[in-house]
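Spelled out from the first residue to the last, the chains are:
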2 protein chains.
Amino acid sequence: MKTKILLKEADMPTHWYNVMADMPNPPAPPLGPDGNPVTPDALGAIFPQALIEQEMSPERWIPIPEEVREVLRLWRPSPLYRARRLEQALGTPARIYYKNEAVSPAGSHKPNTAVAQAYYNKQAGIKRLTTETGAGQWGSSLALAGQLFGLEVEVYMVKVSYHQKPYRRSMMQTWGANVFASPSDRTNAGRSILEQHPDSEGSLGIAISEAVELAAQRDDTNYALGSVLNHVLLHQTVIGEEAKKQLEMVGDYPDMVFAPCGGGSNFGGIAFPFFADKAAGKEVQLVAVEPTSCPTLTKGVYAYDFGDAIGLTPLLKMYTLGHDFMPPGIHAGGLRYHGDSALVSQLHYEGLVDAVAVPQLETFEAGVLFARSEGIIPAPESTHAIAAVIREANRCTESGESRTLLFNLSGHGHFDMSAYDRYFAGELKNFDYPEEAIRESLAHLPKLKFDMES
Amino acid sequence: MKTKILLKEADMPTHWYNVMADMPNPPAPPLGPDGNPVTPDALGAIFPQALIEQEMSPERWIPIPEEVREVLRLWRPSPLYRARRLEQALGTPARIYYKNEAVSPAGSHKPNTAVAQAYYNKQAGIKRLTTETGAGQWGSSLALAGQLFGLEVEVYMVKVSYHQKPYRRSMMQTWGANVFASPSDRTNAGRSILEQHPDSEGSLGIAISEAVELAAQRDDTNYALGSVLNHVLLHQTVIGEEAKKQLEMVGDYPDMVFAPCGGGSNFGGIAFPFFADKAAGKEVQLVAVEPTSCPTLTKGVYAYDFGDAIGLTPLLKMYTLGHDFMPPGIHAGGLRYHGDSALVSQLHYEGLVDAVAVPQLETFEAGVLFARSEGIIPAPESTHAIAAVIREANRCTESGESRTLLFNLSGHGHFDMSAYDRYFAGELKNFDYPEEAIRESLAHLPKLKFDMES
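Please read these numbers as outputs of a predicted model, since none were measured by experiment.

Considering the overall build of chain A
Next, step 1: Regarding its fold elements, chain A presents 20 helices and 15 strands.
Next, step 2: Taken against the 2.2 N^0.38 rule, which gives 22 Å for 454 residues, the C-alpha radius of gyration of chain A at 21 Å falls within 12% of a compact globule.
Next, step 3: Its C-alpha atoms give chain A principal-axis dimensions of about 60 × 50 × 50 Å.
Next, step 4: Relative to its full complement of 454 residues, chain A shows a buried share of 64%.
Next, step 5: Restricting the contact set of chain A to residue pairs at least 6 apart, pairs at least 24 apart contribute 76%.
Next, step 6: Looking at charge distribution, chain A has the averaged site of its 39 positive side-chain charges lying 6 Å from that of its 54 negative ones.

What about the relation of the copies chain A and chain B?
Next, step 1: Its rotation angle being 180 degrees, the transformation that places chain A on chain B also includes 0.0 Å of axial translation and leaves an RMSD of 0.0 Å. This pairing of chains is accounted for by a two-fold axis. For chain A, the smallest separation between a C-alpha atom and the rotation axis is recorded for His414(A), amounting to 3.3 Å.
Next, step 2: Looking at the interface residues of chain A, 98% of them are also at the interface in chain B, so both copies use one shared face.

Describing helix H5 (residues 111-123) of chain A
All names here are of chain A.
Next, step 1: Over its 13 residues, H5 runs 18 Å from end to end, which matches the ideal 18 Å to within 8%, given 1.5 Å per residue.
Next, step 2: In terms of burial, H5 is largely enclosed, as eleven of its 13 residues are buried.
Next, step 3: The complete set of buried residues in H5 reads Pro-111, Asn-112, Thr-113, Ala-114, Val-115, Ala-116, Gln-117, Ala-118, Tyr-119, Tyr-120 and Asn-121.

A word on the UniProt feature "domain: Tryptophan synthase beta chain-like PALP" (unreviewed entry) in chain A
Next, step 1: Residues annotated in UniProt with the feature "domain: Tryptophan synthase beta chain-like PALP" (unreviewed entry) correspond here to residues 74-411 of chain A.
Next, step 2: Structurally, residues 74-411 of chain A is divided into 45% helix and 19% strand, and its ends, taken at the C-alpha atoms, are 16 Å apart.

Looking at the side chain of Ser441(B)
Residues and elements named next belong to chain B.
Next, step 1: Note that Ser-441 resides in helix H19 (residues 435-442).
Next, step 2: At 2.5 Å, the side chain of Ser-441 forms a polar contact with the backbone oxygen of Leu-321.
Next, step 3: A distance of 3.2 Å separates the side chain of Ser-441 from the backbone oxygen of Ile-438, its partner in a polar contact.
Next, step 4: Apart from residues no more than four positions distant in its own chain, Ser-441 is found in contact with Leu-321, Gly-322, Asp-324 and Phe-325.

Brief notes about the sheet that holds strand E9 (residues 221-223) of chain B
All names here are of chain B.
Next, step 1: The four strands lie next to each other as E8-E7-E6-E9, forming an open sheet whose pairing is parallel. Bordering the open sheet on either side are strand E8 (178-182) and E9, each of which pairs with just one other strand. Ignoring strand direction, the axes of neighbouring strands in this sheet form an average angle of 25 degrees.
Next, step 2: Relative to strand E7 (residues 152-158), strand E6 (residues 128-133) runs parallel, the two sharing six bridges. Within the sheet, the bridge partner assigned to Leu-129 lies in E7 and is Val-153.
Next, step 3: Strand contacts of helix H6 (residues 137-149): E6 and E7, with the helix running at about 165 degrees to E6, the strand carrying the most contacts.

Notes on the interface of chain A and chain B
Next, step 1: Across the contact, 45 residues belong to chain A and 44 residues belong to chain B.
Next, step 2: Counting across the interface, chain A meets chain B through six salt bridges.
Next, step 3: Residue Arg85(B) is joined to Glu70(A) by a salt bridge in which the shortest nitrogen-to-oxygen separation is 3.7 Å.
Next, step 4: Along the contact surface separating chain A from chain B lie 21 residue pairs in polar contact (both at pLDDT 80 or more).
Next, step 5: Contributions of two or more residues to the side of chain A that touches chain B are made by helix H3 (66-72), helix H6 (137-149), helix H8 (166-174), helix H16 (360-374) and helix H18 (417-424) of chain A.
Next, step 6: Here the side of chain A that touches chain B is composed, by residue class, of 23 nonpolar, eleven polar and eleven charged.

Notes on the packing of H8(A) against helix H18 (residues 417-424) of chain B
Next, step 1: Two elements in contact, H8(A) and H18(B), have axes whose closest approach is 9 Å; the angle formed by their N-to-C orientations is 55 degrees. Taken together, the axis directions place H8(A) and H18(B) in an arrangement best described as oblique. In this structure, H8(A) meets H18(B) at a crossing whose hand is left-handed. Here H8(A) contributes Pro166(A), Tyr167(A), Arg169(A), Ser170(A), Met171(A), Gln173(A) and Thr174(A) to the contact with H18(B), which in turn contributes Met417(B), Ser418(B), Tyr420(B), Asp421(B) and Phe424(B).
Next, step 2: Among the residues making up the contact of H8(A) with H18(B), the classes are represented as six nonpolar, four polar and two charged.

Things to note about unusual backbone geometry
Residue and element names in this part refer to chain A.
Next, step 1: Pro-77 follows Arg-76 through a cis peptide bond whose omega is -10 degrees.
Next, step 2: As for its placement among the helices and strands, Pro-77 is situated in the loop between H3 and strand E4 (80-82).
Next, step 3: Positive phi is not limited to glycine here, since Val-228 has a value of about 70 degrees.
Next, step 4: For Val-228, the position within the fold is in the loop between strand E9 (221-223) and helix H11 (230-236).
Next, step 5: Of the residues examined, Val-228 reaches a relative accessible area of 9% and is grouped as buried.

Structural notes on the environment of Met256(A)
Residues and elements named next belong to chain A.
Next, step 1: With respect to the helices and strands, Met-256 occurs in strand E10 (residues 256-260).
Next, step 2: Expressed as a C-alpha distance, the spacing of Met-256 and Gln-285, which sit 29 residues apart in the sequence, is 4.6 Å.
Next, step 3: Met-256 has contacts with Gln-285, Val-287, Glu-392, Arg-403, Thr-404, Leu-405 and Leu-406, leaving out every residue within four places of it along the chain.

Describing the state of the cysteines
Next, step 1: Going through the model one piece at a time under the given rule, you end up with zero disulfides over all chains.
Next, step 2: Between Cys294(A), a free cysteine, and Cys261(A), which holds the nearest cysteine sulfur, the sulfur-to-sulfur gap is 10 Å.

Regarding the side chain of Thr363(A)
Next, step 1: With respect to the secondary-structure elements, Thr363(A) resides in helix H16.
Next, step 2: Reaching out from Thr363(A), the side chain makes a polar contact with the backbone oxygen of Gln360(A) at a distance of 2.6 Å.

Some words on the confidence of the model for chain A
Next, step 1: For chain A, the mean per-residue pLDDT works out to 94, and 98% of the residues sit at or above 70.
Next, step 2: For this predicted complex, the interface score ipTM comes out at 0.94, alongside a pTM of 0.96.

With respect to the environment of Tyr349(A)
Residue and element names in this part refer to chain A.
Next, step 1: By the secondary structure assignment, Tyr-349 is in helix H15 (residues 342-349).
Next, step 2: Sequence-wise, Tyr-349 and Tyr-302 are 47 residues apart; in three dimensions their C-alpha atoms are separated by 7.4 Å.
Next, step 3: Residues contacting Tyr-349, with those up to four places away along its chain left out, are Tyr-302 and Tyr-319.

Digging into the pattern of salt bridges
Next, step 1: Using the criterion set out here, one finds 48 salt bridges over all chains in the structure.
Next, step 2: Glu9(A) serves as the salt-bridge partner of Arg73(A), at 3.9 Å between the closest nitrogen and oxygen. With Arg73(A) in the loop between H3 and E4 and Glu9(A) in the loop between strand E1 (4-5) and strand E2 (15-17), the pair connects residues that are 64 residues apart, well separated along the chain.
Next, step 3: For Arg73(A), a relative accessible area of 10% gives the class buried.
Next, step 4: Among the ionic pairs, Asp252(B) bridges to Arg95(B), the shortest N-O distance being 2.7 Å. On the criterion of sequence distance, the pair formed by Asp252(B) in the loop between helix H12 (238-249) and strand E10 (256-260) and Arg95(B) in strand E5 (residues 95-100) is long-range, its members being 157 residues apart.
Next, step 5: Since its relative accessible area comes to 13%, Asp252(B) is described here as buried.

What counts and how
Residues numbered from 1 in each chain as written. Chains lettered and ligands numbered in written order. Predicted model: local features only at pLDDT ≥ 70, side-chain atom pairs only at ≥ 80, totals over all residues. Heavy atoms only, no water. Helix = DSSP H or I, 4+ residues; strand = E, 2+ residues; numbered from the N terminus. Rg over C-alpha atoms; globule rule 2.2 N^0.38 Å. Buried < 20%, exposed > 50% of the residue type's maximum accessible area, 1.4 Å probe, protein only. Contact = heavy atoms within 4.5 Å. Lys, Arg positive; Asp, Glu negative; His and termini not counted. Charge placed at Lys NZ, Arg CZ, Asp CG, Glu CD. Least-squares fit on C-alpha atoms with pLDDT ≥ 70 in both. Expected span 1.5 Å × (residues − 1). UniProt positions renumbered as here; feature names shortened; annotations may be inferred. Polar contact = N/O pair within 3.5 Å; in protein donor to acceptor, adjacent residues only side chain to side chain. Pairing = 2+ DSSP bridges. Axes fitted to C-alpha atoms, helices over the stretch in contact; angles between N-to-C directions. Salt bridge = Lys/Arg side-chain N within 4 Å of Asp/Glu carboxyl O. Nonpolar A, V, L, I, M, F, W, Y, C, P; charged D, E, K, R; others polar. Parallel < 35°, antiparallel > 145°, perpendicular 65-115°, else oblique. Left-handed = near helix turned anticlockwise from the far one by under 90°. Disulfide = S-S within 2.5 Å. pLDDT = per-residue confidence, 0-100.

This is the structure in structure tokens:
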């Protein structure tokens, strides 16, 4: 009775799967401030050519460079687990599997794309990458990848996290990155914020502005993003590709695939390779799981909006709560994003991807049950997928169905123990659905939206 | 070119290797306060029969119960890595391999024995286990194991660590353990300390006293220890057994095997299965690595001494710095132990196991180089083995020898980032060899020693 289903190193995917090749309609293009599609040239100031091509490629399969595969082999292929102890704890006839992406050195799926992005930038002669980070999952992944390819990495870390989560910062420094509390005095954006608000605790939006400003200014410096964009989701498809092979090894196939969904790279990573089968007629349900307090897919609108909080990026057609929506302070920091991947959004709009929202307390309850049955302490983001799987497993118990459920365990909770502490102390709560705040931020959608859709 | 060498689940060891069967001389028995060997009956108050038998067994191979193997399969077999990137960073002709025990849910090798101990106690009808913990590696491993077998776990955590390292405590609570700051008011030992020293910050010795007192008092409660004892080292031999098979798969065999050595379970776990070959005439060097500030094997005496700081336990014949020796505050908490496993000690005394001591700064330098080349951030204990391997690899570079070096990466450093922080800030130092303190504590060795050896 197998617990872990392991692939050989030789079975690691050789190509990324590009979902754009199988979407029923062409993806809506990103638009510039003038309302026209953004040109590859315009993106060249902060991204290398290879990634811009991937962002727009119609090819179904894109080869993974051997240099990237060599680094991924440090932890990939990642194990697929049959969650027998969780099934037993639930008393469910459902078969539950999870892909364990917590095995990467940074502790999540994020290095899958960080490594690819570092590689292509190195190839393009770039010396330095800038990025932003909130709680630090993405910043630490890029720090690791930059170190392995000999690139300098500058991370602009939201000031409140910089001081409250010192251990993710230490992790980035251990991998050689320079980490700055944002707003910093190193950029015009940072300095202007500090002049107006000397005590600013920062935000992801400000940190993005700082990182992008520096990348645009310097020829030897590019910018790297950890989710949302097409090429980022592309790099994560190794997760789903491996999971498919692993399920094949035990003669199973999922009825439903679940993943947490913030910017979409976690979800796209595991779900898109199964979408390829769905597009070919196979029955499989793909479920993006989000917090009820930041319900982008379940309560947002499908419209062109900015990717950042301030309005510096191109406009992406996506489900959004409005770019200036400030989500309540839940502990799943990676899911506190106003928008979503354009690809995930379009597939959801077309009815090909489902979405469900779960409240914070249910996610922690699910995380603790998972830790106590399967052993691994999950990241607060991952507990969202677990909670949705438990709902479905309990439904199977009632109906007597033996369905196959697969989810992405996107990361471990080793740097989130203070959140578990607060949960045990009864200090966490479910936030009310922020209806008023969402109505207000949706009123600030760029006018373009109405031009486009009218 | 393989990076990870993986075994199938089916190749997980079916038996533990008992080094006592191959030692040239019978192991020196533990002695009671009267100077006579401790009887199995006396140990029965706090240990189940099966573990007492393992403590004294002459059998070379002891079967691992299927129920234990089933839990170990959650993370075992653990991967063996060829450290190609570290080799490259060092420019060494040496081939470096490491066994990655950081993949367990608790993040170290400790669950290998915690699971076995929980199983045998459950079988014996025990309802509750007590134990002590310092920084929390052992306590969290026993919490996990107790949870998986439905046993209550009470952990007495040294008070200063309870407050300074809240995240290991949260981890234990997530796995359902009750964690008490020691000294507590729950035991006579704790209360008497608190009466005399209301502000006591605790010590491992006091925490052991509390855990043992409760286990001895209650029929449904036993005590569990995370290192030092023979049965604990026995349970860790899965590490070395797997490593041997994995090296066989790539046609290699180590010239030298390294592991950090505090109480000895880390070292015994990887080294003993290779000792079996050494006893059969094969050339292989086994190297225990310890801190220069707590140099038990390299500077201690081989004598009967107490296992705890206060003098409650039976006397073990071991290398010791004196049971009341208080090691300097290095960050490798797991290596701050005055004594050592009786088995490791006897083999060292007989010239069959080597020992080397490394200073704190060299271990952190090694840990950072490892993190920057191999990706994984090692625990401060594990960096001791890395430092010793780097010394040998550099020697190979000078001599041009292509030797095969194997070490145990016993754990990750996710809960030790504050130590890395202090290292980067230049706040860590090498402690002077504590010659005076050791001379003083050695003067307090139990008198028995002289009776026995004269």
